Structures are given as structure tokens and as C-alpha cells.
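Overview (structure and organization)
The chain contents come next:
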2 protein chains.
Amino acid sequence: MNQKLGKASIRPEQPVYILNSGSVVGTKEGQGPLGLLFDMVGEDDMFGCETWEEAESRLQKDAVYLALTKSGLQPEDVSFIFAGDLLGQSIATSFGISTYQIPLLGVYGACSTCGESLTLGVMSIAGGFADRVVCVTSSHFASAEKEFRFPLEYGNQRPLSASWTVTGSGAFVLGNEEALQSYRGKDISVTQKKENRARACITGMTVGKIVDYGLKDSMNMGACMAPAAASTLEQHFIDYGSQPEDYDKIITGDLGKVGQRVLIDLLRDKGYDISEQHMDCGIEIYDGDVQDTHAGGSGCGCSAVTLSAYVLKQLEEKNWKKVLFVPTGALLSKTRFNEGKSVPGIAHALVLETV
Amino acid sequence: MNQKLGKASIRPEQPVYILNSGSVVGTKEGQGPLGLLFDMVGEDDMFGCETWEEAESRLQKDAVYLALTKSGLQPEDVSFIFAGDLLGQSIATSFGISTYQIPLLGVYGACSTCGESLTLGVMSIAGGFADRVVCVTSSHFASAEKEFRFPLEYGNQRPLSASWTVTGSGAFVLGNEEALQSYRGKDISVTQKKENRARACITGMTVGKIVDYGLKDSMNMGACMAPAAASTLEQHFIDYGSQPEDYDKIITGDLGKVGQRVLIDLLRDKGYDISEQHMDCGIEIYDGDVQDTHAGGSGCGCSAVTLSAYVLKQLEEKNWKKVLFVPTGALLSKTRFNEGKSVPGIAHALVLETV
């Protein structure tokens, strides 16, 4: 039976499978350490479009196309799409995925949106409401800077605590046991495998709450989010009765170098040492020394493309057996920032295991 | 067993109950035809706050407080909160409900968000992941005008097709059979009833998809949303094998007078005549002739407060037995509007029945 676990966690009776996924990134991400792992790297960051927003929409469209194609599916094979992005009124989503005409449940959790969309996707499948769903999120450096900070043309200086919003979108096809069986037998030339395997499965989730330490610096998102990540991780360990060493990796979304230090310190105060297991998608995706990205990568796309291209690959190859994937979000907005308000954080955790 | 129905609908095995709800509105809504039915009417639209955004956050906070109190519950009795609003990065939510520290799943579907939050709430409960959840949405006339159109100080003229964003928030406590039993036995003086009854139950849902007829007029949201409402209603009738006359009322969120005409015409072309059953929350909430609200009310709060104060009351009193509640959303954004883009629509349908 599906169940609630402790205060904020849930466990599906049967694991929900990530059948396949797609990742599309911009040029900078393509030049980074994970560059060769992404499914598609744009020739430039406009992706053939006329505006940054349209380019981000294009990212979502392409990521969903890749995830569906690699799963041997058509849009009509999917019950729902859980989708979101960072822009006001989630416009990358509204204009990106409408072409597929899949019933849409729009989500918003800032950069934690990837975790939220997967959580709701699992609920819908494990709850018996769908066989297959798609979860997609995106971000774009230029549309995000325009939305949250300064016009690029202004050439604003960035402090070392600033992160670089990832231009990218990751899409995931989730399915139940039946969907997996049908996927196994499909002849999908793209994947060039004799028998299709699910990339990983999701066996548990902890839903985060808003945590606000009062930080107001939009150039230090890592510090804004770290307390939320600490809160969700602590709650996860309590609800599951688990310890950091039960996971091969504990992977946050986009804390960057500053946020990582804050998270490790905060959790140490709570009695958990995750310094051995911790990995941050924002730190992995760029070579900070060479690429001038300062604290690391950030954005909805950061955790999504790193999950698709790198984390799932490690799970597929059984280098890791069980990881905790914790997309982190800073609930920043231009309006509240200009009104002198803080940047609250939120983070959701998912247990991913090899199949 | 919970099930998927047709292309876009779902049916929980057991109905999910709306245990109780709360509605908070501004002065204009308080002076409208439904004024006496709302739980709380503000003395002015600032609600004791310093900014419009903060006032909208306050609306959410108060609505959730009312819904919880009227259900005899504390925040910790609730597993998840599904919440959203119209503002960029859902800031009314981020700053409104954090005080309750309930694990948050943020949603965005423009003015259809009330329907989306209830849909996901039902999924989480019927799926066995929660006993009780809260669903809350809000809008505020002044924060919405600032976000989407012109500063109020500018005194812009409004065409007759324009709608008036409702200042209000509606919150709903959903629960399963067990939660209902526990609620029945509670001594809640506020409700002054000998035995608590659920206000209604949710027995089915149809998830909408993005429908874009290419309309670009941010002063005619009704016409932008009507095609989406028509699409969702047609899909609902097909999936459920039902007809308009199977429902006592078919209640859209905020189409207003222009959108209502478009919807009825579009559905007539598809072979469904809903002219007898149709009601629109946006038309009900204001007296258009006296209150100068033109086409009607709109916003996330419009359908939410009308559901809480009026629709659920009719179901409680068994004046209606079964209605189709269809919050409608226009996926408008300032950025895409300024780039000359259209306003796509989305709508979700829920079957509400008397208990």
C-alpha cells in the first residue's frame, strides 16, 4: 500500500520507473565537465528563436521530444505532463509544451521544481491515476537574468557567491510496472539496446516546506537555499529512519560552493555528517575555474539535466545503487526583492535506486 | 480502484471530502451579491499590510487559518498544502503560508489554479499518500493590475470586455473517509453544528490541456479562456460518457459575460448545449451594472471564494446534487504580452457532489 511516512515523506507501494529521459543544454553547459553526456547541445543559446523566453520554451519542447522518442512513445501515450520553470507565470512551459496537447499540471517550486514535478508524477502513477507521465523543467541563463536581475547588456559585475543559471531542460518519462513491460519490448533504434531497461526507479520522497532565514541577497542563492535543503534532509532521515551513509550520494540541485558549505555545517549541527556523500549538481555542471561561473550552476534546468545526463547514468551503470536527489529552490522574485523582502527556500528529496 | 478514464479524466475509488473551507475577500467583493456569504471581508484592500503583494499573502494566510479552524485542525494535522497564485514566482503563496510549515507543493495554472490544486489534492489523498491536505489559491485586484497591466495610479480606461480581478482567497481542507469520521466527532464551536458534515465530495476530475486560439487581448481574458473551457468540457463529457443535463450546474471560473457567450457557442458547435446549466463565478460575484466591473470577476481567487461561499453552500443545502466545477485560466504574462505573443488558456474540471 502507498503510505505516508512520518511528517513529510511518502513511499509508493511499488517503485515508479524512470523509463527514459532527455536533456538539452546551451553552449556553456556543453563545454563543461558533463558536456559530452547531454543528449543535445545548442549551437547558440537562441536555439533558432527570436527571444530568450522562446528559446527556453524550445528547450522544454526538445527535451520532452527526446524523452518521449527515447521511450518509444507518442505524446498521446502519456496521461499527464507535470511542468514548470522559473519565469513569471511559467511562460517557458506555457509556450513550450502546448504542441504536445498532453493534459498539463503546472508546478512551481523555483529551482526545486524538478523534484516537485517528479514527486507529483510518482503520486499520480502510484495512486493508479496514470500509467505514464512526463515531468519537465527548464531554465535559461539569459531569460533568468532578465527576469530576476539585470539586463545582460548592462554588463553587471557578479560577486563570487553568485551562481550561473543553467541553460537547459530535462524531461523524464515515468511509468508503472506495466509501462515498463511494454517499454522493454519496444524496438527503439535511438537507444541501440537489445532490451530496454528503465534508467532508475523512484522509491520514496520527502516534500519540503518553506524555510526562510531572512537572507536577502539575490547574488547568493546558495545560502538562501541551504537551510531548506538541511530541513528537508533532516526530515527525510527522521521519517525514513535512515542515515547519510545509507545513500551512495546525496545530491542537491544548485547550492553551489557557498551553499554546500552552509548545508554541511547546518546538518552537522543537527547531528548528520553528509560531507562524504554530498554532491551538488551546480558544482558538477561547470568547471568554475575555467568557465567563470563563480559559485556554480543554478536554475530549474541545473538539477534536471544533471539528473538526466549524469546521475541516471551512474545508477544505470550501477556505480551508485541508491541516491538521495534533492533539488533546491530559492523563491526569489523581482517584485518582493525590490520591496526589500527575503528569499525563502524550499527543497524536495527523492530516493532513486538502480533497477 | 482509482482509475484513469478516457484521455484526460480520473476517478478516485472513494470520494474525497471537502471537510470545510474558508473564504476571505476585499471590500468590492463584500459589497457584491455574494457579500454576506464570505467568511471574512476586509475593511480595506490592504488588510493591514504595506504592499499589495503582502496583502495578497495575508489573504492566503487568513483563508488557510479559517479552513483549518472550521475543520477543527492544526497545521500539523495536514500532510501537504497545494497552493498557488497569479503573481510571478507565486509570491503571494511563498510569503503567505510559510508560517504554517506544512510541506508545500506549489502549483500554477493561472486562474485555473484552484481546480489544479484540488485535483492534485484529491490524487494525493485517493492515492493513499495523505489523510488530509489543504488547497489554497488567491488573487488581488491591485497586485494583479501591477503584475499584468498598468499601475493603478495611471488610471487606465478599461474596455467592456475587461474583467475585474477578484481580491480574495479560498482555502479547502480535503480528507479521506477516516478524516471525515474524525471531523464528525469534533466539537468545533465556530460551526455551531451538532454534527459536522463534509461540505461536499469530489468524485471525478478532468485535467485540461493548453488551448491557444491566438487571442492577444489582455483586456479580454474571457475570450482567451473560453476555448480551453470548451475543450475540457467536451473531453469530460466524452471521458465520462455524460451529458450537460447530468449536472445541476456547470460552473466556470471567470469567463465573464463575453467568455460565457463564446463557450456556449463553441460547445454548441461540438454538439453540447450547456446554456441551461451554465453559471460563471465571475458573473455571480459582482453586480456588473452597479459595480462597474464590466465583463465580470476573474483571478485565482474568483472561483475559489465563490466555491467556498456559494457553490458548497448550495451543495450542503442540497439545492444542487451534482455540479461540474471548471476553473478557467488565461496563461497571460507581461513579458510574452510585450513580445506580442498570444494568451493561451487552460481549464480543469471537477465533479462535486452532495454528501
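Positions within a chain are numbered from 1, following the residues in the order the chain's sequence is written. To read the labels, note that chains go from A and ligands from 1, taken in the order they are written. A pLDDT threshold of at least 70 governs which residues receive local features in this predicted model, and a stricter bar of 80 or more applies before side-chain atom pairs are shown or counted, although totals over entire chains, interfaces and linings include all residues. Computation of side-chain values: all heavy atoms of the structure, hydrogens and water removed.

1. Describing unusual backbone geometry
Residues and elements named next belong to chain B. For Gln89, which is not a glycine, the phi torsion comes out positive at approximately 60°. A relative accessible area of 4% places Gln89 in the buried class. Not every positive phi belongs to a glycine, and His294 is a case in point at roughly 60°. Strands are runs of DSSP state E lasting at least two residues, helices are runs of H or I lasting at least four, and both sets are numbered from the N terminus onward. Summarising the element assignment, His294 is placed in the loop between helix 10 (288-291) and strand 13 (296-298). Think of it in three bands: residues with accessible area under 20% of the maximum for their type are buried, residues over 50% are exposed, and the middle band is partly exposed, with areas taken using a 1.4 Å probe on protein chains only.

2. Some details on the environment of A:Thr306
All names here are of chain A. Mapped onto the elements, Thr306 comes out in helix 11 (residues 300-316). Accessibility expressed as a relative area gives 0% for Thr306, which makes it buried. Counting along the chain gives 84 residues from Thr306 to Gly222, while the straight-line C-alpha distance between them is 17 Å. Throughout, a contact is declared for two residues whenever any of their heavy atoms are within 4.5 Å. Once residues lying within four places of it in the same chain are set aside, the contact partners of Thr306 are Leu34, Met279, Cys281, Ile285 and Val311.

3. With respect to the nonpolar core
Membership of the largest hydrophobic core comes to 96 residues, with the highest contact counts inside it found for A:Leu118, A:Leu174, B:Leu118 and B:Leu174. Those residues in contact with A:Leu174 that lie beyond four places of it in its chain are A:Val16, A:Tyr17, A:Ile18, A:Leu118, A:Gly121, A:Val122, A:Ile125, A:Asp131, A:Arg132, A:Val133, A:Cys135 and A:Ile202. Working definition of a nonpolar core: buried Ala, Val, Leu, Ile, Met, Phe, Trp, Tyr and Cys residues. They are joined through side-chain atoms within 4.5 Å.

4. Re the pattern of salt bridges
Salt bridge criterion: a side-chain nitrogen from Lys or Arg within 4 Å of a carboxyl oxygen from Asp or Glu. Per the counting criterion, the structure on display carries 23 salt bridges over all chains. Among the salt bridges present, the one from B:Lys341 reaches A:Glu54, with a minimum N-O distance of 3.9 Å. Of this pair, B:Lys341 sits in the loop between helix 12 (334-338) and strand 16 (345-347) while A:Glu54 sits in helix 2 (residues 52-70), each in a different chain. Judged by relative accessible area, A:Glu54 falls into the partly exposed class, the value being 23%. In the salt-bridge network here, residues are joined through shared partners; they are A:Glu53, A:Glu54, A:Lys146, B:Arg336, B:Glu339 and B:Lys341.

5. Concerning the environment of B:Ser112
All names here are of chain B. By secondary structure assignment, the location of Ser112 is in the loop between strand 6 (104-106) and helix 4 (113-126). Since its relative accessible area comes to 0%, Ser112 is described here as buried. The spacing of Ser112 and Leu73 is 39 residues in sequence and 27 Å in space, taken between C-alpha atoms. Ignoring any residue separated from it by four or fewer positions in sequence, one finds Ser112 in contact with Pro327, Thr328, Gly329, Ile346, Ala347 and His348.

6. Here we look at the interface of chain A and chain B
Many structure descriptions define interface size as the accessible area lost when the parts assemble. At the junction of the two partners, chain A supplies 58 residues and chain B supplies 58 residues. Buried area is a sum: the accessible area each of two parts loses on coming together, probed at 1.4 Å, counted once for each and added. Taken together, both faces of the contact between chain A and chain B bury some 4900 Å²; the carbon and sulfur share is 66%. Between chain A and chain B we count five salt bridges in total. Any N or O atom pair separated by 3.5 Å or less is treated as a polar contact, with the protein-specific requirement of one donor-capable and one acceptor-capable atom, and with residues adjacent in sequence counted only for side-chain atom pairs. The interface formed by chain A and chain B contains 22 residue pairs in polar contact (both at pLDDT 80 or more). With five residues, the single largest contributor to the side of chain A that touches chain B is helix 4 (residues 113-126) of chain A. Each residue gets one label: Ala, Val, Leu, Ile, Met, Phe, Trp, Tyr, Cys and Pro are nonpolar, Asp, Glu, Lys and Arg are charged, and the others, such as Gly, are polar. Split into classes, the residues belonging to the side of chain A that touches chain B amount to 26 nonpolar, 20 polar and twelve charged.

7. Let's talk about the relation of the copies chain A and chain B
To go from the first copy of the chain to the second, apply a rotation about an axis and then a shift along the same axis. Mapping chain A onto chain B calls for a rotation angle of 180° and an axial translation of 0.0 Å; the resulting RMSD is 0.0 Å. The transformation relating the two chain copies, once decomposed into turn and shift, fits a two-fold axis. The share of interface residues of chain A whose copies in chain B are also at the interface is 100%, consistent with both copies meeting through the same surface. Copies are brought into register by a least-squares superposition over C-alpha atoms of residues with pLDDT of at least 70 in both.

8. Here we look at the layout of surface pockets
Here the second largest pocket is characterised by a volume of approximately 330 Å³. Lining the second largest pocket we find 20 residues, and of these A:Glu147, A:Lys334, A:Thr335, B:Glu147 and B:Lys334 sit closest to its centre. When contributions to the lining of the second largest pocket are tallied by element, the ones reaching two or more residues are helix 5 (141-148) and helix 12 (334-338) of chain A together with helix 5 (141-148) and helix 12 of chain B. When grouped by side-chain class, the residues that make up the lining of the second largest pocket number one nonpolar, eleven polar and eight charged. Cavities and pockets are defined on a 1 Å grid built over the protein atoms alone: a cavity is a set of grid points where a 1.4 Å probe fits but cannot escape, while a pocket is an open set with protein on both sides within 12 Å along at least five of seven lines, and lining residues are those with an atom within 4 Å of any such point. Grid points are joined across faces, edges and corners, and a volume is the space filled by probe spheres set on the points.

9. Let's talk about the confidence of the model for chain A
Overall, the predicted model of chain A reaches an average pLDDT of 96, with 98% of residues at or above 70. Both scores are given for the predicted complex: the pTM is 0.98, the ipTM 0.97. Within a predicted model, pLDDT stands for the predictor's per-residue confidence, ranging from 0 to 100.

10. Comments concerning the packing of helix 7 (residues 221-240) of chain A against helix 8 (residues 256-269) of chain A
All names here are of chain A. Axis separation between helix 7 and helix 8 bottoms out at 8 Å; the angle between their running directions is 35°. Where helix 7 crosses over helix 8, the two elements pack in a sense that is right-handed. Listed contacts from helix 8 to Gly222, Ala223, Ala226, Pro227, Ala229, Ala230, Leu233 and Glu234 of helix 7 are Gly259, Val262, Leu263, Leu266 and Leu267. Axes here refer to lines fitted to C-alpha atoms; in helices the fit is confined to the stretch in contact. Angles between the N-to-C directions go from 0 to 180 degrees. Crossing handedness is defined as follows: a turn of the near helix away from the far one that is anticlockwise and smaller than a right angle gives a left-handed crossing, while the clockwise case is right-handed.

11. Describing helix 8 of chain A
Residue and element names in this part refer to chain A. A helix is expected to reach a length of 1.5 Å times the quantity of its residues less one. Across its 14 residues, helix 8 extends 20 Å between first and last C-alpha, which sits within 8% of the 20 Å expected from 1.5 Å per residue. All of the buried residues along helix 8 are Gly256, Val258, Gly259, Leu263, Ile264, Leu266 and Leu267. Residues of helix 8 that are buried sit in contact with helix 7, strand 11 (249-252), strand 12 (278-280) and helix 9 (281-284). Where helix 8 terminates, the next one or two residues include Gly271, which has phi positive at roughly 95°.

12. Description of helix 11 of chain A
Residues and elements named next belong to chain A. For helix 11, spanning 17 residues, the distance from its first C-alpha to its last is 23 Å, which sits close to the expected 24 Å at 1.5 Å a residue. What the bend at a residue measures is the angle between two axes, fitted to the seven residues ending there and to the seven starting there. Leu307 marks the point of greatest bend in helix 11, at about 50°. Judged by how many residues are buried, helix 11 sits mostly within the fold: 16 of 17 residues are covered. Following helix 11 by one or two positions, Lys318 adopts a phi angle in the positive range, close to 60°.

13. A look at the packing of aromatic side chains
In this analysis, rings of Phe, Tyr and Trp, with Trp reduced to its six-membered ring, are considered paired at centre separations within 6.5 Å, and the interplanar angle assigns stacked below 30 degrees, edge-to-face beyond 60, and tilted for intermediate values. Scanning all chains against the criterion turns up nine aromatic pairs over all chains. With a centroid separation of 4.0 Å and an interplanar angle of 0°, the aromatic rings of B:Phe141 and B:Trp164 are classed as stacked. Linking B:Phe141 in helix 5 with B:Trp164 in strand 8 (residues 163-165), this pair joins segments that are 23 residues apart in sequence. No difference in accessibility class separates B:Phe141 from B:Trp164, as the two residues are buried. Here a set of aromatic residues connected by ring pairs shows up, and it is made of A:Phe237, A:Tyr247 and A:Tyr272.

14. Focus: the pairing of strand 10 (residues 200-206) of chain A
Residue and element names in this part refer to chain A. With seven of seven residues buried, strand 10 lies mostly within the body of the structure. For two strands to be treated as a pair, DSSP must find no fewer than two bridges joining them. In this structure, strand 2 (residues 9-11) lies alongside strand 10, joined through two bridges in antiparallel fashion. By the bridge assignment for strand 10, Ile10 is matched with Met205. In this structure, strand 3 (residues 16-25) lies alongside strand 10, joined through three bridges in antiparallel fashion. From the neighbouring strand, Tyr17 faces strand 10, where its bridge partner is Cys201. For strand 10 and strand 17 (residues 349-353), the ladder comprises five bridges, and the chain directions are antiparallel. By the bridge assignment for strand 17, Thr206 is matched with Ala349.

15. Some words on the state of the cysteines
Note: disulfide means a covalent bond formed between the sulfur atoms of two cysteine side chains. Disulfides are defined in this document as cysteine sulfur pairs within 2.5 Å. What the rule picks out here adds up to zero disulfides over all chains. Left unpaired, A:Cys135 is separated from the closest cysteine sulfur, that of A:Cys114, by 8.0 Å.

16. Looking at the pairing of strand 17 of chain A
Residues and elements named next belong to chain A. Of all five residues making up strand 17, four are buried, and the element is well covered by its neighbours. Where strand 14 (residues 322-326) lies against strand 17, four bridges are found, and the strand directions are antiparallel. From the neighbouring strand, Phe325 faces strand 17, where its bridge partner is Leu350.

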